[in-house]
Amino acid sequence: MATDLGELLVPYMPTVRVPKTGDRVFKSECAFSFDSPESEGGLYVCMNTFLGFGREHVERHYRKTGQSVYMHLKRHVKEKATGAAGGAIPRRRNGKVFLDLELNRDFNGEDYEYEDEAKLVIFPDHFEIPLPNIEELPALVTIACDAVLNASSPYKKQEPESWDEEIQVSRHARSLRQLDNGVKIPPSGWKCQRCEMRENLWLNLTDGAIFCGKWFFDGSGGNGHALDHYKQTKHPLAVKLDTITPDGADIYSFEEEEAVLDPHISEHLSHFGIDMLQMQQRTENGHHTDNNPRPRVSEWEVIQESGMKLKAVYGPGYTGIKNLGNTCYMGSVLQVLFSIPDFQRMYVGNLQRIFDYSPLDPTQDFATQMAKLGHGLLSGQYSKPPMKSELIEQVMKEEYKVLNWQQQKGVSPRMLKSLVSRGHPEFSSNRQQDAHELFVHLINIVERNSGGSENPSDVFRFLVEDRVQCCQTRRVRYTQRVDYCIQLPAPIEAATNREELLAYEAKRKEAEENTRAPPEPVRARIPFTACLQAFTEPENVPDFWSSALQAKSAGVKTSRFASFPEYLVVQIKKFTFGVDWVPKKLDLAIDVPDFLDLSRLRASGLQAGEEELPDLMPPIVLPEDTRDNSMSSSDSPEIDEAAAMQLAEMGFPLEACRKAVYYTGNMGPEMAFNWIIAHMEEPDFAEPLTLPSMIDPSPSTSDSPMGATPLDNSPPEESVSILTSMGFPRAHSIRALKNTNNNLERALDWIFTHPEEEEESDALSDMADTEPNDNAFSNANSHSDSTLSPDRDATGPRVKDGPGRYELFAFISHMGASTMSGHYICHIKKEGRWVMYNDHKVCLSERPPKDLGYIYFYRRLSSS
C-alpha cells in the first residue's frame, strides 16, 4: 500500500510545499466564503498556496491553478451524551490533527465535544488518503502535512511581524531632562515653529518645541527643522505627534540617529499635558469599556433596548457580524453599506465575475473580500432559524433566549478587516476606533479599487460650494470641492433643558469641591434645527490671506450644497478632545427627523453686486533663516555647499552639483540628486551655474502687486523635471505644482492623494485665498491617508444630483465616554421595520433610539 500511495503522489510532488516562515496557512476559513472545517462540506487547504476553500469553491481554484493536492479538514461538533461529566474538557479524536485550529466560540461549552478528521484529496478524481498516514506517505508529504496542521493562524502573525527590525531602548530615556517651561501641547492645530508646516511634526521631549521632520521621497516630511533644533540645543529625543496612541508612539533619537523606544514615554508626554494612561481603557467581552461607566449606564440600556423582549430575525439581509475584539465599529458601518442597492449590485450582483477573475491570492483582493462579505450577509446562508425540534427541546429546558442568540452565529470578516486595516496605525490595532473615520477610510478604498468600473460610492459623493469673503474689502471667492458626509455641530447653548444643565453643573462643581459623589448626570436635549442652523452660520477663516489687500485679513466662510447626493451621511459632532488629549463624548440627545428637506441649502453661486477677489496666490513665505540669507547678496546665489560636496563625492561634476542644489532650492541632497539624474544628458550639464536675469516688470506682470503670483502661472521647469524624474507624468506634475504654489513637498503630497486617473479640475482645486483647517464637511479636518480622491471624468466629479429631500433609513449609535472605548451598534429600516444589528445578534427594534445616534444615513425621496 505504501508503494501504491508513493506512486500515486509522484506526479504531484513538485507542487507540494512545506510552509516556510512567513507563509500564511488559511485552515480555518474559505477565501471566497465563510465556510470552515465546521461547515457541512469542511475546508480544503491547497498544499501549494495554503489557501483554504469551501466545497463550492475548491473546483474553481483547481481549474485556475492546476493544483491537485488539497488537505481536507472536517470538524464534527455534537452534544455530549446524557450523563456526561459536567465541566469536562471536550473530547477530541486525533488530537494532534487540529492542534492550532481556533475553536468556534458558539460551541465552546461543556455541553459539546469535537471530533476532528483530516485527509489528503487529489483532484480531479477526488482520491482520498486519510491522515495521519506517516508510514505510507513520502517523507516530504508527511512533513508538509504536519506543518500545515500545526501552523498558527495567519492573523496571529500580523502584529509581531509588523516590525522589520527590533527597536532598542534609548540610552536617554531614563535620564531625560525636561524643562519646566510651562509648555502644554494642545490636541490639535500644531505647526512647525519655524516654517509653519502642519505635517510630519515632531515634539521635542526636553523643551516641548514642535518642528518639522526631514523630507522623504514618498512625499512625507518637512524642511528638517527638528534636526536643526537638536543641533542648536542637543535635546536628543522627539516624538512624532500624529503617532501617539495608548500603546505608544514613534520616537526618534537625534543623538543615536535611529528610531528608539522610551519606556517612560507616558511620563514624558504628561509633562506637556498629554495623558496616555487615561487614553488606555480596559477591554471586557470584546467591548472596550469605560473606567467610570456609571454616567453611561442608561445610554447602554436605551440604545441596546435592554429589558425588552426583542424578536430575533433570520434570513437574507438579517445576518450579523461577529465582533473580532473591538471591531463593532467596522461591523456597524459594513451592515449599513450592504443595505444600499448600489453596494449590493457592485459586489453581490457581480459575485461570479469577481470570483472568476480574482487574483491567485484572493485574500488580498478588496473586491473579492467585499463580495464574500456581501454574499455572507445577503444570502441567508449564515442566518438560519432554529429547527422546530430544537425550539421545543430548548423551551422545555427554559433556554429559549440562549438558543435565540446562539443560533445567530453571524460571519467573521477577518480577511476583509486584515486587508482594509493593513498599514493603518489605528485600524490595524485591536483598539476601539471611530466609526466615522472608518466610513471615510472604506469609501477611499472603494474609490481606489473601482477605477473606470461601476463605483458604488458615487451615491455618497456631492459637491460643496465654499464662499469666502474678505471682511475688509467685502470681495468674495467661490470654490467647489467634493465631499461624502456633512458634520453637524451640537450647540449646547441651544439645549431646551438649559436650566437643568446649569443646575447640574453647579451641583457637580459643589460635589467636586466637597469630595462628595457626583450627582446623576443630565443629558442635553438639542433640537435638530439648532444643529442645522449652526452648520449654516458663517465661520471665521484662520490665517486668511486676502488677494485684494495682498495681506492677511479677517475672512468668513459659508458652505452650501452645490449638488445633493443620492444618500446623505450626517455625523453629529459628539466627540471632542480634552486638554489632556483624551477624546471625550458630549452627552446629548438630538431629535433627528425621519424626513429631511435641505433644499434651502442649495448653493446659488456668484450673486449680482458681488465682486470677486483677484486670482492671485499668496507670496511664498520662506523660513526666517533662509530669507535672511537669500537677501544678503543680489549678485551671488545662496547654495548649500555641504550638500553640493556630498553629491560631488559620489562622482558627479562639482558645478553640476552646485546647479542641482540651487535649482532645487537648497532642499537637501536627495532632491538635488533627482535633478542630476534628470539632467545628466544635457550638453551644459557640467557647465558653471548661470543665474537667470532679474525679473523685468513687463506690462503683463506690472498689474500684480509685489510678491503675488497669478493663479495661472507656469511652474518652474526645474521643479517639473524633479517630479518627472521620480516617475510621475509631466501633466500630473504640473497640476500638482500649480495646486501647491510650486512647493515641491506639498506637490508630492498632492500627487499621492490625487492619483492621475482622479485628477481634479482647476476650478475645483484652486483654493487660493485660504486653506481652512476646520469645516462642517467630513474631509476638511482629515490629514491622513483617508483623504478622499473623488472619481473624475472629463467634465468633473461624477455626482448624482437631485432634490434635497431625504428619508432616514439607518443610523449608527455609540455607547461609551469616548471613541476609544464603548460599543457600536446600528439600526436599519428594512421592509418597513426597524432592525437592530448588535454584532452577531439581529432582532426587531421596539424603540429605535434615534435621538442618541452618532451617524445618520438618509436616502433621497423620489421626486414624485
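Refer to the structure above for everything that follows.
Keep in mind that this is a model prediction, so the values were computed, not measured. (Residues numbered from 1 in each chain as written. Predicted model: local features only at pLDDT ≥ 70, side-chain atom pairs only at ≥ 80, totals over all residues. Heavy atoms only, no water.)

A.B. asks: Explain the environment of Pro565 to me, using residue names and the numbers behind them.
C.D. replies: The residue Pro565 is located in the loop between β21 (555-561) and β22 (567-572) in this model. Distance in space between the C-alpha atoms of Pro565 and Asp483 is 9.7 Å, their sequence separation being 82 residues. The contacts of Pro565, once residues within four sequence positions are left out, are Val459, Phe460, Arg461, Phe462, Lys800, Tyr806 and Arg860. (Helix = DSSP H or I, 4+ residues; strand = E, 2+ residues; numbered from the N terminus. Contact = heavy atoms within 4.5 Å.)

A.B. asks: Outline the packing of aromatic side chains, listing residues and values.
C.D. replies: When we look at a pair of aromatic rings, we describe it by the centre distance and by the angle of the planes. Under the counting rule described, the total for this entry stands at 25 aromatic pairs. The interplanar angle of 45° and the centroid separation of 6.1 Å between the aromatic rings of Phe343 and Phe460 together place this pair among those described as tilted. With Phe343 in helix α10 (residues 341-349) and Phe460 in the loop between α16 (435-450) and β14 (462-470), this pair connects stretches of sequence that are 117 residues apart. Overall, Phe343 belongs to the buried group, its relative accessible area being 0%. Between Phe439 and Phe460 the ring centres are 5.2 Å apart and the planes differ by 85°, which places this aromatic pair in the edge-to-face class. Residue Phe439 is found in helix α16, and its partner Phe460 is found in the loop between α16 and β14; the two are separated by 21 residues along the sequence. Grouping residues by exposure puts Phe439 and Phe460 together as buried. Three or more aromatic residues joined by ring pairs form one cluster here, namely Phe338, Phe343, Tyr347, Phe366, Phe439, Phe460, Tyr567, Phe809 and Phe857. The lysine or arginine in question, Arg60, covers the ring of Phe32, its NZ or CZ lying 5.2 Å from the ring centre. (Phe/Tyr/Trp six-rings, centres within 6.5 Å; stacked < 30°, edge-to-face > 60°. Buried < 20%, exposed > 50% of the residue type's maximum accessible area, 1.4 Å probe, protein only. Lys NZ or Arg CZ within 6 Å of the ring centre and 35° of its normal.)

A.B. asks: If you had to explain the nonpolar core to someone new, which residues and values would you point to?
C.D. replies: Counting 98 residues, the largest nonpolar core has Met71, Leu120, Tyr347 and Phe460 as the members making the most contacts within it. Of the residues forming this core, the biggest block, eight residues, is contributed by α16. Once you skip the residues sitting within four places of it in the chain, Tyr347 turns out to touch Phe338, Ile354, Phe366, Ala367, Met370, Ala371, Val446 and Pro456. By size, the runner-up hydrophobic cluster in this structure holds 33 residues, among which are Phe564, Val570, Leu808 and Tyr856. (Core = buried A, V, L, I, M, F, W, Y, C linked by side-chain atoms within 4.5 Å.)

A.B. asks: Residue-level account of the environment of Val592, with values.
C.D. replies: Among the secondary structure elements, Val592 is positioned in the loop between β25 (588-590) and β26 (595-597). The exposure class of Val592 is buried, given its relative accessible area of 10%. It is 5.9 Å that separates the C-alpha atoms of Val592 and Asp851, two residues lying 259 residues apart in sequence. In this structure Val592 touches Phe528, Lys850, Tyr856 and Tyr858, once residues within four positions along its chain are discounted.

A.B. asks: Residues and numbers for the pattern of salt bridges, please.
C.D. replies: Here the structure, examined in full by the defined rule, presents 31 salt bridges. Ionic pairing is found between Glu255 and Arg171, a salt bridge with its closest N-O pair at 2.7 Å. With Glu255 in the loop between β10 (251-253) and β11 (258-260) and Arg171 in the loop between α4 (154-157) and β7 (201-204), the pair connects residues that are 84 residues apart, well separated along the chain. Residue classification places Arg171 among the exposed positions, given a relative accessible area of 55%. Here Asp458 makes a salt bridge to Arg798, at a shortest N to O gap of 2.8 Å. With Asp458 in the loop between α16 and β14 and Arg798 in the loop between β30 (796-797) and β31 (805-815), the pair connects residues that are 340 residues apart, well separated along the chain. Among the residues examined, Arg798 registers a relative accessible area of 28% and is labelled partly exposed. One continuous salt-bridge network, built from bridges that share partners, spans Asp342, Arg345, Glu566 and Lys800. (Salt bridge = Lys/Arg side-chain N within 4 Å of Asp/Glu carboxyl O.)

A.B. asks: Could you give me a rundown of the sheet that holds β11, with the residues and numbers involved?
C.D. replies: With antiparallel pairing, the five strands of this open sheet are ordered in space as β8-β7-β9-β10-β11. Each having just a single partner strand, β8 (210-212) and β11 make up the two edges of the open sheet. Shown here is a sheet whose adjacent strand axes are inclined to one another by a mean of 40°, direction ignored. As judged from the three bridges shared by β7 and β8, these two strands associate in the antiparallel manner. Paired with Leu203 across the two strands is Ile210, which belongs to β8. Across the sheet, helix α5 (residues 225-233) is in contact with β7 and β8; its angle to β8 comes to roughly 125°. (Pairing = 2+ DSSP bridges. Axes fitted to C-alpha atoms, helices over the stretch in contact; angles between N-to-C directions.)

A.B. asks: Tell me about the pairing of β7, and please be specific about residues and values.
C.D. replies: On a regular strand, one side chain projects to one face of the sheet and the next to the other, so that they alternate. Residues of β7 alternate between two faces, with Leu201 and Leu203 on one and Trp202 and Asn204 on the opposite face, all of them buried. If you look at the hairpin formed by β7 and β8, you'll find five residues sitting between the two strands, and Gly208 has a positive phi there, around 80°.

A.B. asks: Which residues make up the side chain of Arg860, and what are the values?
C.D. replies: Mapped onto the elements of the fold, Arg860 is located in strand β35 (residues 853-860). As a buried residue without a salt bridge, Arg860 has its nearest oppositely charged side chain in Asp801, at a separation of 5.0 Å. Among the polar contacts listed, one links the side chain of Arg860 to the backbone oxygen of Pro565, at a separation of 3.0 Å. Residue contacts for Arg860: discarding those within four places in its chain leaves Phe564, Pro565, Glu566, Lys800, Asp801, Gly802, Pro803, Arg805 and Tyr806. (Lys, Arg positive; Asp, Glu negative; His and termini not counted. Polar contact = N/O pair within 3.5 Å; in protein donor to acceptor, adjacent residues only side chain to side chain.)

A.B. asks: Provide a residue-level description of the sheet that holds β21, including the pertinent values.
C.D. replies: Read across the sheet, four strands follow the order β15-β14-β21-β18 without closing on themselves; strand pairing throughout is antiparallel. In the strand order of this sheet, the two ends are held by β15 (476-483) and β18 (539-540), each with one partner.

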